[in-house]
Amino acid sequence: MRLPILTDLEITHLVHSCSRLLSQYYIVTVDVHFRKMWRSLRYHHQIVQPVTIVIIPNSNAYLEFVETTKTYPMSFPVWFVLFLFSPANNTHDHCHQPLGNPFNLAFDTQMLVLCLDDDVLREWYSIKGETVKIFDLARWSDEKGFVLLTNLSLYERRNDLEGTVLRTVTVKDIPLSSMYSGNYVANLYGKVLDELTYSLNFTLDIVSEVNGNGLWNRQNNTWSGVMAEIVSGRADFAIADMSMTSLRIRYVDFTLPLIISRNSLFIKEPDMCGVKWFGYLQAFRFHTWFGISMIVVITPLLLSFMKICCESRNIADLLSENFLHVWGIFCQQALIDFPRPSSLRIAYFTIFLTAILISAYYSAALVCFLTACTHVLPFRTIDEFVEDGSYKLIVPRGSADYDIVSSSTKSFSVKLMKLMKEESELPPFLINGFEQICTEKKLAYMVLNALKKSVEMRIPCKLSAISTERIDNLGMVLSKNNPYTSVINYHLQKFLDNGMMMRLKNTRFLPRSVIEGKAYEPVRLISIIPILANLCGGVILSIAVLIIERIHHRQRERKLQAKVFHRSKRQPLAIKR
């Protein structure tokens, strides 16, 4: 493709022709001189990447554009640069062999360059900011137009950082080594970093190690911890279990979330178990109980019908007798007299077998249900926790939870903040918070479930969790507008798509959870309170019925005696002579 050398008038005509052609496709265009390009920065972070077509007609324009790009964020637009001049004698060819990095390109800069009298469309970018990398992307054909020379996507073409060193800050509670198998988060971060550094060919240089992720000081408008290292420019990359919040995103870049976890309140597990008053009914579901009841009701009717066919008896007597027989069978009682007809024997045998199977299944389910201890918690939701007000709250020092609660003006957050301990009393490390709730009374620890899992083996007591219904995303952090953020996110997405992330999260990388004691403990007295209550209630009811029956029987005997006495008085005495 040959581009003619154009005069100023022809360049102006070219610009207006391009604007007119693009407007037909509803594409808004603006003509800007190099000296006024800074005005376009008002759209930075407000619109999607615009396309900037740069026309360089001569060497003076080239030098002017070089001067402009020294202070311009070159990753903001997508560039299409046209070199419309050829180098003069004894001058350097800046289009085919750029010296250094004249346009201040970054790794994520998207720039296409077309040289004069050249049919190859080239891609320019820089890895370390010192030199320009050139990639032949397409070739012009008079019949087909531009024909792609590769099918690779943007970051598949830019898959080598050539040993770039990223200054890294870490948190003491999350060591860099992936061999540390006692910490789930550190394990996962370490494995992901191993894959990233191998795939992209870059290295990490640990420049500092801090105690926490960092808090925002509203008085001084400064950060602490990891955030301070990144924002100040002392580090480019952070390895920390940092939650994505709107405040942090203003100052740093986050990778795609490596861990998505729920936030919970953890308290020390109460020693007392709850009394299961309806536990004996919960062994079966309602439909099962209904089915058993229907069997007990319908079976006596069928037996009565069969006996009426075999022998003639009063139907009322048969119904009451068969109901007592069936009820006795389900209560594991035998029959006084086994019937002689074969049809009745088969029916009774079926009833016995059904009763035995139901009783065996009910006994097994009841034992499993009653031996499982259900702890009585002082609250079940975070709203009940706030209303209770007797528990103190702690969060990891420098965590996003503290920032969110302390900075919010909502009434619920204000109430929650009143229950929060002083900032100096908050645990500096994750495990310290769990040690506090195990040693102190009436203390709750709000932290992500994934972080709790990372130190589960080191927690000295059993815990109960109350969900806060909040989901958090944990990811690694880079400096704001870092040129390597996009390529790292691209490879993390590849790990998700090809299943590598699932492999890294596989259970063989998880810590061995603290195995709770599997020894079957004897049923405590509190667990059989419902049995004793039913037994005592049955005894009291039986005694009451017995007393009523005795009173009724005595009254009936007195009436009977009175009738006999009156009859004897009316009848005259017969005297035999």
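Our subject is the structure listed above.
In short, a report on the structure. Not measured: the values here are computed from a predicted model.

Some thoughts on the sheet that holds strand β5 (residues 133-141)
Sheet strands pair via backbone hydrogen bonds, and the direction of the pair is either parallel or antiparallel. The six strands lie next to each other as β1-β2-β3-β4-β5-β6, forming an open sheet whose pairing is mixed. Bordering the open sheet on either side are β1 (51-56) and β6 (145-148), each of which pairs with just one other strand. Sheet twist, expressed as the mean angle between neighbouring strand axes with direction ignored, is 30 degrees. In this sheet, strand β2 (residues 78-83) lies alongside β1 in parallel orientation, the contact comprising six bridges. What sits directly across from I55, in β2, is L82. Across the face of the sheet, helix α2 (residues 59-68) comes into contact with β1 and β2 while running at roughly 140 degrees to β1.

Considerations on a nonpolar patch on the surface
On the surface, F286, F290, M294, V297, I298 and L302 cluster together into a nonpolar patch covering about 600 Å² of accessible area. When you line up the elements, F286 lands in helix α7 (residues 286-310). By relative accessible area, F286 is classed as exposed at 63%.

Re the state of the cysteines
Every disulfide links exactly two cysteines, by a covalent bond between their sulfur atoms. In total, this model carries two disulfides according to the counting rule given. Residue pairing for C95: its cysteine sulfur links by disulfide to C115, the two sulfurs lying 1.6 Å apart. The sign of the S-S torsion, about -90 degrees, decides the handedness of the disulfide formed by C95 and C115: left-handed. One end of the pair, C95, is in the loop between β2 and β3 (110-114); the other, C115, is in the loop between β3 and β4 (120-125), and 20 residues separate them in sequence. Of the residues examined, C95 reaches a relative accessible area of 5% and is grouped as buried. What pairs with C438 in a disulfide is C461, and their sulfur atoms sit 1.9 Å apart.

Rules used in this analysis
- Residues numbered from 1 in each chain as written.
- Predicted model: local features only at pLDDT ≥ 70, side-chain atom pairs only at ≥ 80, totals over all residues.
- Heavy atoms only, no water.
- Pairing = 2+ DSSP bridges.
- Helix = DSSP H or I, 4+ residues; strand = E, 2+ residues; numbered from the N terminus.
- Axes fitted to C-alpha atoms, helices over the stretch in contact; angles between N-to-C directions.
- Contact = heavy atoms within 4.5 Å.
- Patch = residues over 30% accessible without salt bridge, like charges linked within 9 Å, V, L, I, M, F, W, Y side chains within 5 Å.
- Areas by Shrake-Rupley, 256 points an atom, 1.4 Å probe, with all protein chains shown as cover.
- Salt bridge = Lys/Arg side-chain N within 4 Å of Asp/Glu carboxyl O.
- Buried < 20%, exposed > 50% of the residue type's maximum accessible area, 1.4 Å probe, protein only.
- Disulfide = S-S within 2.5 Å.

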